[in-house]
Amino acid sequence: MTGYLDRHRKPRWRFRRKGYPPHTFREPHGSKAFEREYARCLEADPAPIAVSRTKPGSVGDVIARYYADNAFQDLAGSTQSVYRGVLERFRAAFGDVPMREFDAERIAALMNAMRHKPAAAARLRKLFAQLFVIARRAKLVPHGFDPVRDTRAPKSVSQGYHRWTEDELALFEAKHPLGTKPRLAFALLLYGAQRSGDVRFMPPEMIAAGRIQLDQSKTSTAVDVPIVAPLAEALAAGPIGTRTILENKFGEPFTPKGFYGMMKKACVAAGVPHCTPHGLRKSAARRCREAGCTDEEGMAITGHKTVKEYRRYAGEDARGDRADAAMTKVLANLNRGLANRSGQDTEIGGNNE
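Chains are numbered independently. Their residues run from 1 in the order of the written sequence. Since the coordinates come from a predicted model, pLDDT governs what is reported: local features require at least 70, and pairs of side-chain atoms require 80 or more to be given and counted, while whole-chain, interface and lining totals use all residues. Hydrogens and water are ignored here; the side-chain numbers use all heavy atoms of the structure.

S.K.: Hey, could you run me through the overall build of the protein in this one?
M.R.: Along the backbone of the protein there are 15 helices and 5 strands. Remark: exposure states derive from per-residue accessible area (1.4 Å probe, protein chains only) relative to the maximum for the residue type, with buried under 20%, exposed over 50%, and partly exposed in between. In the protein, buried positions account for 39% of the 353 residues. Contacts: residue pairs with any heavy atoms within 4.5 Å of one another. Across the protein, the fraction of contacts at a sequence separation of at least 24, relative to all contacts at a separation of at least 6, is 62%. About 20,300 Å² of surface is accessible on the protein, with carbon and sulfur atoms providing 54% of the total. Segments assigned H or I by DSSP are reported as helices when at least four residues long, segments assigned E as strands when at least two residues long, and all are numbered from the N terminus. Accessible areas in this description were obtained via Shrake-Rupley with a 1.4 Å probe; residue shielding takes into account the shown protein chains only.

S.K.: For this particular structure, what's the right way to read the packing of helix H8 (residues 181-192) against helix H11 (residues 256-269)?
M.R.: Axis angle and axis distance: for two packed helices, these are the angle between their axes and the distance between the axes, and together they describe the pair. Lines fitted to the C-alpha atoms define the axes, with helices restricted to the stretch that makes contact. Angles between their N-to-C directions range from 0 to 180 degrees. Interhelical geometry of H8 versus H11 gives an angle of 105 degrees and a closest axis separation of 10 Å. Taken as axis vectors, H8 and H11 run roughly perpendicular relative to one another. Across the interface between the two elements, Lys181, Pro182, Ala185, Phe186 and Leu189 of H8 pack against Phe259, Met262, Met263 and Ala266 of H11. The nonpolar class holds Ala, Val, Leu, Ile, Met, Phe, Trp, Tyr, Cys and Pro. Asp, Glu, Lys and Arg form the charged class, and all remaining residues, Gly among them, are polar. Residues of the contact of H8 with H11, tallied by class, amount to 8 nonpolar, no polar and 1 charged. Note on terminology: angles under 35 degrees are roughly parallel, angles over 145 are roughly antiparallel, angles of 65 to 115 are roughly perpendicular, and the others are oblique.

S.K.: So what exactly am I meant to see when it comes to a positive patch on the surface here?
M.R.: Grouping into patches uses exposed residues only, defined as over 30% relative accessible area, and leaves out salt-bridged ones; the cut-off is 9 Å for like charges and 5 Å for nonpolar side chains (Val, Leu, Ile, Met, Phe, Trp, Tyr). One speaks of a salt bridge when a side-chain nitrogen belonging to Lys or Arg is within 4 Å of a carboxyl oxygen belonging to Asp or Glu. Only four residue types enter the tally: Lys and Arg on the positive side, Asp and Glu on the negative side, with His and both chain ends excluded. Throughout, a charge is located at the NZ atom of Lys, the CZ atom of Arg, the CG atom of Asp or the CD atom of Glu. On the surface, Arg89, Lys117, Arg123, Lys126 and Lys218 cluster together to form a positively charged patch. Positionally, Arg123 belongs in helix H6 (residues 118-137). According to the relative accessible area criterion, Arg123 is partly exposed, its value standing at 34%.

S.K.: What's the story with the pairing of strand S5 (residues 222-226) in this structure? I'm lost.
M.R.: When a strand is regular, its side chains alternate between the sheet's two faces. Covered by surrounding structure in S5 are Val223 and Val225 only, the residues Ala222, Asp224 and Pro226 on the alternate face being uncovered. Should DSSP find at least two bridges between two strands, the strands are taken to pair. Turn length for the strand S4 (residues 211-215)-S5 hairpin, with the two strands adjacent in sequence and antiparallel, is 6 residues, and the turn residue Ser220 shows positive phi of about 65 degrees.

S.K.: What should I look at first to understand H8 in this one?
M.R.: Note that an α-helix has 3.6 residues per turn; residues three or four places apart therefore point the same way. In this model, H8 (12 residues) spans 16 Å end to end at C-alpha, consistent with the 16 Å of a helix rising 1.5 Å per residue. For H8, a buried count of 11 out of 12 residues is recorded, marking the element as mostly surrounded by other parts of the structure. Looking at H8, one finds that the buried residues are Pro182, Arg183, Leu184, Ala185, Phe186, Ala187, Leu188, Leu189, Leu190, Tyr191 and Gly192. At the exit of H8 stands Ala193, carrying a positive phi of roughly 60 degrees. How far a helix is expected to stretch is found by multiplying one less than its residue total by 1.5 Å.

S.K.: Could you clarify how one ought to interpret the pairing of S4 in this entry?
M.R.: Side chains of S4 alternate between two faces, with Ile212 and Leu214 buried and Arg211, Gln213 and Asp215 left unburied. Relative to S5, S4 runs antiparallel, the two sharing 5 bridges. Within S5, the position partnered with Gln213 by the bridge is Asp224.

S.K.: What is the right way to read the environment of Thr242 from this model?
M.R.: Along the polypeptide, Thr242 turns up in the loop between helix H10 (229-237) and H11. Sequence separation between Thr242 and Glu205 is 37 residues; the distance between their C-alpha atoms is 9.7 Å. Once you skip the residues sitting within four places of it in the chain, Thr242 turns out to touch Pro204 and Glu247.

S.K.: What am I meant to see in the packing of aromatic side chains here?
M.R.: Aromatic ring pairs are described here by two measures, namely the spacing of the ring centres and the angle between the planes. Whether two aromatic rings pair depends on their centres lying within 6.5 Å, for rings of Phe, Tyr and Trp, where Trp uses its six-membered ring; planes under 30 degrees apart make the pair stacked, over 60 edge-to-face, and the rest tilted. Applying the stated rule across the entire model yields 13 aromatic pairs. Where Phe90 meets Phe94, the ring centres are 5.1 Å apart and the plane angle is 45 degrees; that geometry is what we call tilted. Of the two residues, Phe90 and Phe94 both sit in helix H4 (residues 77-94), 4 residues apart, roughly one turn of that helix. Ring geometry for Phe132 against Phe145: centres 5.6 Å apart, planes inclined by 75 degrees, an arrangement best described as edge-to-face. Of the two residues, Phe132 sits in helix H6 while Phe145 sits in the loop between H6 and helix H7 (166-175), which places them 13 residues apart along the sequence. We classify Phe132 as buried; its relative accessible area is 0%. Here the aromatic cluster, defined as three or more aromatic residues joined through ring pairs, consists of Phe90, Phe94, Phe102, Phe128, Phe132 and Phe145. Either the NZ atom of lysine or the CZ atom of arginine qualifies as a charge over a ring when it sits within 6 Å of the ring centre and within 35 degrees of the ring normal. The ring of Phe102 is capped by Arg106, whose NZ or CZ atom sits 4.5 Å from the centre of that ring.

S.K.: Sorry if this is basic, but what is going on with unusual backbone geometry here?
M.R.: Trans peptide bonds make up most of the peptide bonds, and negative phi angles are found at most residues other than glycine. Of the consecutive residues Gly238 and Pro239, the connecting peptide bond is found in the cis state with omega at 5 degrees. Relative to the elements of secondary structure, Pro239 occurs in the loop between H10 and H11. A positive phi angle, close to 60 degrees, is found at Lys139, a residue other than glycine. Mapped onto the fold, Lys139 is located in the loop between H6 and H7. We note that Ser220 has phi near 65 degrees; this positive angle belongs to a residue other than glycine.

S.K.: Before we go on, may I ask you to explain the nonpolar core in this structure?
M.R.: Note on soluble globular proteins: their nonpolar side chains tend to be buried together. Note on terminology: a nonpolar core comprises buried Ala, Val, Leu, Ile, Met, Phe, Trp, Tyr and Cys residues joined through side-chain atoms within 4.5 Å. Counting 35 residues, the largest nonpolar core has Trp164, Leu188 and Met263 as its most contacted members. In terms of residue count, H8 provides more of this core than any other element does, 8 residues in total. If near-sequence neighbours (up to four positions away) are discounted, Met263 is found in contact with Phe172, Pro182, Ala185, Phe186, Leu189, Pro277 and Leu280. The next biggest cluster of nonpolar side chains, apart from the first, holds 28 residues, and it includes Tyr83, Phe90, Phe102 and Ile107.

S.K.: I keep staring at the side chain of His176 and nothing clicks. Help me out?
M.R.: Looking at the element boundaries, His176 is found in the loop between H7 and H8. On the accessibility criterion, His176 (10% relative accessible area) is buried. Identification of polar contacts relies on pairs of N or O atoms within 3.5 Å, with a donor-acceptor requirement for protein atoms, meaning one able to donate a hydrogen and the other able to accept it, and with residues adjacent in sequence counted only if both atoms are side-chain atoms. Polar contacts involving the side chain of His176 include one to the main-chain carbonyl oxygen of Ala266, which spans 2.9 Å. Non-local contacts of His176, meaning those with residues more than four positions away in its chain, are made with Pro182, Arg183, Ala266, Ala269 and Ala270.

Pasting the structure below:
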């Protein structure tokens, strides 16, 4: 993204990316509308391939139809970007193969070949289901042809992004003092409890009222989170950008890759190379759980739509404090039972006398 002055000396912004069409922004820089316009540029289709090169009824044909369908168009921009990455890799390998050739046996073989990447396999299988909906509707495959239902994705044993521990949080803070960009990003992610995609585009005006108020880009969930003391301290120390709170060295909003790279480098320097930016959001949820917050209270901060997803972030780990409390109750109950039996034995002995 580059800035320039038009012939009226008005500041304008232009998006340029190799292999993608250029775009001149229409919305005011720093506005929410500008953020959405920028996100659409990042997630846009690459320069289109000539239609004549796409074989009717092929995988490439069905993927192109899916991109134009409401099932894809109604997805959040970040989700579109993820799905597009999966589908474009699949199209590069199988674009000319007729869709009808992907029967259950062939899909199952793909799932088996991806056992080392269970999450990616599950996502591809999910997208297969969408593609067959499109293919059946366009009569590119026989009516009722649904091979996906006869397959399974490999079971995932991963817990996803690592949830930072309190010791790991302390190590990061010790390495990156207040007034550094990694520490500011860290504080926004941990105490704001929002996704990187939303943190990257937070404008300075957002924090003027002492609250983080936004519609989450992934789910459109509205959140209204207070800026607590540790976050206020980090914001006061800066550095604050002019257009967005966090800006790269060029004075522009971070790209997803650039933001992740900056934070990953900071994690390595702090001695926590296994930690990631998204893990801080999980730590925020964990802290809510450990503080005794209800699911509804925690979800009001993180913006999760379902209790199941929130609890996955907050964690259902083995809890020593819960085990201690449970065992205390067990022992107390046993002692009461022993006391009752002892009293009964005394009464019986007294009666015999």
